[in-house]
Amino acid sequence: MIFVTDYMILAVLLFSIGIVGVVSRRNIIVLYMSIELMLNAINLIFVALSRQFEQLDTQIAALMIIAIAAAEAALFLAVIVLLFRNRRSLDANVFTLLGQREQPKNDK
Amino acid sequence: MLVELIFIALSLIALISALGMISFHQPINSVLSFIVTLLSIAGLFALLSSSFIFIVQVIIYAGAIMSLILFVIMFLNIKEKNIPNEPKKALWISGSLIAITPFTLLLVNALKTLPQKEATIINGFGSIEAVGRELFSKWVLPFEMISILLLIALLGAIVLAKKEQNI
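It should be emphasised that the depicted structure is a prediction, and the values quoted were computed from it without experimental measurement. (Residues numbered from 1 in each chain as written. Chains lettered and ligands numbered in written order. Predicted model: local features only at pLDDT ≥ 70, side-chain atom pairs only at ≥ 80, totals over all residues.)

A. Region of the structure containing the overall build of chain B. A tally of helices and strands in chain B yields six helices and zero strands. Compactness check: chain B gives a C-alpha radius of gyration of 20 Å against a globular reference of 15 Å for 167 residues, more than 25% above the reference. Projected onto the principal axes, the alpha-carbon positions of chain B cover approximately 55 × 40 × 30 Å. Within chain B, residue pairs in contact and separated by at least 24 positions form 58% of the contacts whose partners lie at least 6 positions apart. (Helix = DSSP H or I, 4+ residues; strand = E, 2+ residues; numbered from the N terminus. Rg over C-alpha atoms; globule rule 2.2 N^0.38 Å. Contact = placed C-beta atoms within 7 Å.)

B. Quick peek at the domain arrangement of chain B. Domain boundaries in chain B define domain 1 (1–100 + 118–125) and domain 2 (127–167). Taking only C-alpha atoms into account, the centre of domain 1 of chain B sits 23 Å from that of domain 2 of chain B. (Domains from an automatic or database assignment.)

C. Geometry of the nonpolar core. The biggest cluster of nonpolar side chains holds 60 residues, and the ones touching the most others in it are A:Y7, A:A11, A:L14, A:L44 and A:A48. Elements with a minimum of two residues in this core: α1 (4–24), α2 (28–53) and α3 (57–87) of chain A together with α1 (2–23), α2 (27–47) and α3 (51–76) of chain B. Of all the elements, α2(A) adds the most residues to this core, at 13 residues. Look past the residues within four positions of A:A11 in its chain and what remains in contact with it is A:A41, A:L44, A:I45 and A:A48. (Core = buried A, V, L, I, M, F, W, Y, C linked by C-beta atoms within 7 Å. Buried ≥ 20, exposed ≤ 12 C-beta atoms within 10 Å, placed from the backbone.)

D. Region of the structure containing α3(A). With 31 residues, α3(A) should cover 45 Å at 1.5 Å per step; its first-to-last C-alpha distance of 44 Å lies within 8% of that length. Those residues of α3(A) lying buried are A:Q59, A:I60, A:A62, A:L63, A:A73, A:F76, A:L77, A:I80 and A:L83. The inward-facing, buried residues of α3(A) abut α2 of chain A together with α3 and α5 (128–137) of chain B. One or two positions beyond α3(A), positive phi appears at A:R88, with a value near 60°. (Expected span 1.5 Å × (residues − 1).)

E. Quick peek at α1(B). With 22 residues, α1(B) extends 32 Å from end C-alpha to end C-alpha; this agrees with the ideal 32 Å at 1.5 Å per step. Residues of α1(B) that are buried include every one of B:S11, B:A14, B:A18, B:M21 and B:I22, and no others. Buried residues in α1(B), looked at end-on, bunch into an arc of 90°, giving them a common side. Opposite the packed face of α1(B), turned more than 90 degrees from it, sit the exposed residues B:L2, B:L5, B:I8, B:A9 and B:L12. Check the buried side of α1(B) and you find it contacts α1 and α2 of chain A together with α2 and α4 (89–111) of chain B. (Arc of directions from axis to C-beta.)

Written out as structure tokens, the structure reads:
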């Protein structure tokens, strides 16, 4: 027998995997997809709550999150194209324009 | 019985492909693995009797956003020397998985105290008609604000990706 809370537990596991991806990887495309994975886990929790209380408001909230994720995808991909055109790299450690005064050496 | 089997299969596929997404070296493999995760999450939405969100997830997330990312990756023409080489990747991933485990266990135990309700499928609960009535009666103002947000994101993407900029 499957309960609604099982879906929420799965969503929590997916959210943790997303946090692990953000913390441990340096490839900016993988970072972006980890953020998307966290958004999807939150969506799953919203839809499970909608099933739990049999109300449609949280499904509308999930729709709003999908629209915001689409806007975020457009901006993030534009930033990736811009950064890749200027630095020729996908490494998150290379993009330190605002953080440090001089350009650090790439530790390859 | 069938619903349990489908739930277990979909959740295992989602977890395994999410782990693959954060551990592949090539970004294109990560994107393909993440599409599998999104499709299995869409199947979970269908099991939660919300058919409209299921359609939106398949068409917009797995269809539009992910194919946009695939298009950008192929357009950038990424070579091996452009990808960051991460020698301690497995150590980082396993270490942060261990570090995140207490947080996850806390949340799982907190969720287990919620009232248990069996997730049977209700006919017509999350259908297009029901969601549309809710969206255009109670949620009209957020809906219009989302359209303005999408317009601003469109303008921002055009301004950012223009040719003559130097960083």
